[in-house]
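# Results of the structural survey
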Amino acid sequence: MSKYDDLFDETAPDDSVFTDKGALDPLAEPDEIMARDEQERELATILNGIKEGYLPPTVSIYGPPGTGKTLTARRICQAFATRHEELAAEYVNLKECRTLFSAANEIHLELTGERKKSYVGLDGVFEGIWIALEDYPEYTVLILDEIDQIQHDANYDPNEFFYRLLRGEGKLKRGITLSAWLVSNQIIDVDLRLDSRVESAMSDESVFFGPYGKAKLTALLAPRLEQAFKSGVLSDQVSEYGIQQAANYWGDARKALSLFRNAGELANERSLEEITRSCFDECIETTDKEAVLEKLTTLPKNHHAILLCLSGLRNVETGIIEQPVSTADIKQALDESSLAKLKLSNRAVHSVLTDLETMGLIETWIESRGRGGRVKQHKTTFEPEWVHDALERRARSTETDGA
Ligand SMILES: Nc1ncnc2c1ncn2[C@@H]1O[C@H](COP(=O)(O)OP(=O)(O)OP(=O)(O)O)[C@@H](O)[C@H]1O
């Protein structure tokens, strides 16, 4: 018997509550979209516009995280495109794009399988996009997920991207009909402060995906819970309790799935035969923390630096991190620490703070101090200690990558 036989025996799940934990993976594609009939109908009506020779130049698809925007937009377009050869649909996720150039290049990559070199510039990439779309069917829907990322480009105004996308010369010259479906958490023209020449080229079509309430979450989770858990380990009452908690706290399908996975794992850890209400109560924070850490670990260095300054001041007596922190204090903490090497100007600090607020990671407000004037204050929307946990996690993964 090798040492691995022992190791595998020791780590094998013993009396697990799960039969198929993968069913609770939010990345796993569900067989069917549940509880989004209204939005599916709105989107199908928009697509059916091709029968009258019209697709809106833009459709804003917006709502809080985990409300099925991406899933619904992609599925409905794919289903329509397989039934109508005059329409093609392409999906591009702009999550990693920090410049207008990289966002346009991501679209180019999706359409052609190739990226453009940087010397061609933004206009060169758009020209490539229009050339590629010439060979497309009469109508193309381009789903641009996480479109709000393009506001992170410190050197360009997002209007430059939209102006080219909507009014580009190469597009008009070739008579290309493109409908850009802009998926984001906020309504896009308000969020990105688009100017009037861009706004006038956009349509005011928008489809809102609200947070899921208890009934919708129940419909959506039912087939996945049935697949995930052994029969008898999750009673109807306890399941209903977990769903109610997920609806009260978040209304987010992704977090609801994670909550059930975490609750099941806790029951396993404690060798419980059934999942209990307290498993859910104890997992609310873990589930929240998981989602925040995931977001934090993917942030750029400057964002981390600012968050560190925001969560670095501790009360000398209690050891508790003190918040809120003013913009001036953040800048001072930056300049007095090893983070000074990042050489962040006041403007850069301000722009990172705006980004963090848009991402829902901090809250910002103005405090009036009488004669002392007005001071901008900031605090994290989550436990500030988690910033340090995220950094540790990132350092560990860099070590592993480097190993
Ligand atoms: N209506 C639904 N029916 C079935 N599963 C759903 C539904 N809505 C969400 N889900 C599940 O939640 C996951 C996340 O949904 P999706 O990515 O579409 O959310 P989103 O609104 O685009 O989120 P974000 O704004 O964070 O990108 C899906 O992959 C799916 O597993």
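Residues numbered from 1 in each chain as written. Predicted model: local features only at pLDDT ≥ 70, side-chain atom pairs only at ≥ 80, totals over all residues. Heavy atoms only, no water.

## Side note on the UniProt feature "binding site: ATP" (unreviewed entry) in the protein chain
Test applied: UniProt positions are given in the numbering used here, feature names are shortened, and annotations may be inferred rather than shown by experiment. For the purposes of this entry, the term helix denotes a DSSP run of H or I that reaches at least four residues, the term strand denotes a run of E that reaches at least two, and both are numbered from the N terminus. Residues count as neighbours in contact if any of their non-hydrogen atoms are within 4.5 Å of one another.
Using the residue numbers shown here, the UniProt feature "binding site: ATP" (unreviewed entry) corresponds to T67, G68, K69, T70, L71, Y212 and R224. Checked against the element boundaries, T70 lands in helix α3 (residues 69–83). If near-sequence neighbours (up to four positions away) are discounted, T70 is found in contact with Y91, D145 and V183. In this structure Y212 touches R36, G66, T67, G68, L217, L220, A247, G251 and A253, once residues within four positions along its chain are discounted.

## Quick look at the site of the ligand
Basically, it comes down to this: By convention in these notes, a residue is near a molecule or strand provided one of its non-hydrogen atoms lies within 4 Å of it. Throughout, the Shrake-Rupley method with a 1.4 Å probe supplies accessible areas, and for residues the shown protein chains are the sole cover considered. Each residue gets one of three labels, nonpolar for Ala, Val, Leu, Ile, Met, Phe, Trp, Tyr, Cys and Pro, charged for Asp, Glu, Lys and Arg, and polar for the others, Gly among them.
Neighbouring the ligand are 21 residues; P26, M34, K69, T70 and Y212 lie closest to it. When isolated, the ligand has an accessible area of 640 Å², and the protein chains bury 91% of it. Ranked by the residues each element gives to the shell around the ligand, the list is headed by α3, at three residues. Partitioning the shell around the ligand into residue classes produces eleven nonpolar, five polar and five charged.

## Overview of the pattern of salt bridges
Selection rule: The working definition used for a salt bridge is a side-chain nitrogen of Lys or Arg within 4 Å of a carboxyl oxygen of Asp or Glu. Working definition: with a 1.4 Å probe on protein chains only, accessible area under 20% of the residue-type maximum means buried, over 50% means exposed, and in between means partly exposed.
According to the stated counting rule, one finds 17 salt bridges in the structure shown. With its nearest N and O atoms 3.0 Å apart, the salt bridge here joins E160 to R164. Here the residue E160 and the residue R164 both occupy positions in helix α6 (residues 158–167), the gap between them amounting to four residues, near one helical turn. By relative accessible area, which is 26% here, E160 ends up partly exposed. The class of R164 is buried, set by a relative accessible area of 18%. For E265, the salt bridge identified is with R261, shortest N-O distance 3.7 Å. Of the two residues, E265 and R261 both sit in helix α12 (residues 253–269), four residues apart, roughly one turn of that helix. Three or more residues are tied together by salt bridges with common partners; here these are D123, E160, R164, D195 and R197.

## A word on the sheet that holds strand β6 (residues 325–326)
To be explicit about the condition: Here, strands pair whenever DSSP counts at least two bridges between them. Axis definition: a line fitted to C-alpha atoms, over the contacting stretch in the case of helices. Angles run 0 to 180 degrees between N-to-C directions.
The sheet built from three strands is open, its strands ordered β6-β8-β7 with antiparallel pairing. Two strands in the sheet have a free side with no partner beyond their single neighbour: β6 and β7 (362–368). For β6 and strand β8 (residues 374–380), the ladder comprises two bridges, and the chain directions are antiparallel. Looking at β8, one finds that S326 is bridged to Q377. Against the sheet, helix α16 (residues 346–358) engages β7 and β8, with an angle of about 120° to β7.

## Observations regarding the sheet that holds strand β1 (residues 58–62)
Strands sit in the order β2-β3-β4-β1-β5 across an open sheet of five strands; the sheet is parallel. Each end of this open sheet is capped by a strand with a single partner; those strands are β2 (87–93) and β5 (206–208). Sheet twist, expressed as the average angle between the axes of neighbouring strands with direction ignored, equals 15°. As defined by bridge partners, β1 adjoins β5 across three bridges and the pair is classed as parallel. Residue pairing for β5: I61 is matched across the bridge by V207.

## Focus on the packing of helix α2 (residues 37–47) against α3
What describes two packed helices is the angle between their axes and the distance between those same axes. Counted only if it meets this: The cut-offs work like this: below 35 degrees is roughly parallel, past 145 is roughly antiparallel, 65 to 115 is roughly perpendicular, and the gaps in between are oblique. Whether a crossing is left-handed or right-handed is set by the direction in which the near helix is turned from the far one by less than a right angle, anticlockwise for left-handed and clockwise for right-handed.
In contact at an axis separation of 10 Å, α2 and α3 are set at 40° when each is read in the N-to-C sense. One way to sum up the angle between α2 and α3 is to call them oblique. For the pair α2 and α3, the sense of crossing is right-handed. In this structure, α2 contributes E40, L43, A44 and L47 to the contact, and α3 contributes T72, A73, I76, C77 and F80. Taken together, the residues of the contact of α2 with α3 break down into seven nonpolar, one polar and one charged.

## Side note on a negative patch on the surface
Quick note on the threshold: Patch definition: residues above 30% relative accessible area lacking any salt bridge, with like charges linked at up to 9 Å and the nonpolar side chains Val, Leu, Ile, Met, Phe, Trp and Tyr linked at up to 5 Å. Charge counting treats Lys and Arg as positive and Asp and Glu as negative, with His and both chain ends excluded. Where a charge lies is defined by one atom per residue type: Lys uses NZ, Arg uses CZ, Asp uses CG and Glu uses CD.
A cluster of acidic side chains, namely D5, D6, D9 and E10, defines a negative patch on the protein surface. Mapped onto the elements, D5 comes out in helix α1 (residues 3–11). Using a relative accessible area of 34% as the deciding quantity, one classes D5 as partly exposed.

## Some thoughts on the pairing of β7
In the sheet, β7 pairs with β8 via seven bridges, with the strands oriented antiparallel. Looking across to β8, one finds that E363 is bridged to K379. Counting the residues between successive antiparallel strands, the hairpin from β7 to β8 contains five residues, one of them, G370, with a positive phi of roughly 55°.

## Examining the confidence of the model for the protein chain
In plain terms, the rule: Across the chain, each position has a pLDDT score giving the predictor's confidence in that residue, from 0 to 100.
On average, residues of the protein chain carry a pLDDT of 91, and 98% of them reach 70 or more. Across the protein chain, the secondary-structure element scoring lowest on mean pLDDT is helix α8 (residues 188–191), at 66, and the one scoring highest is α2, at 98. With pTM at 0.88, the complex prediction returns an ipTM value of 0.99.

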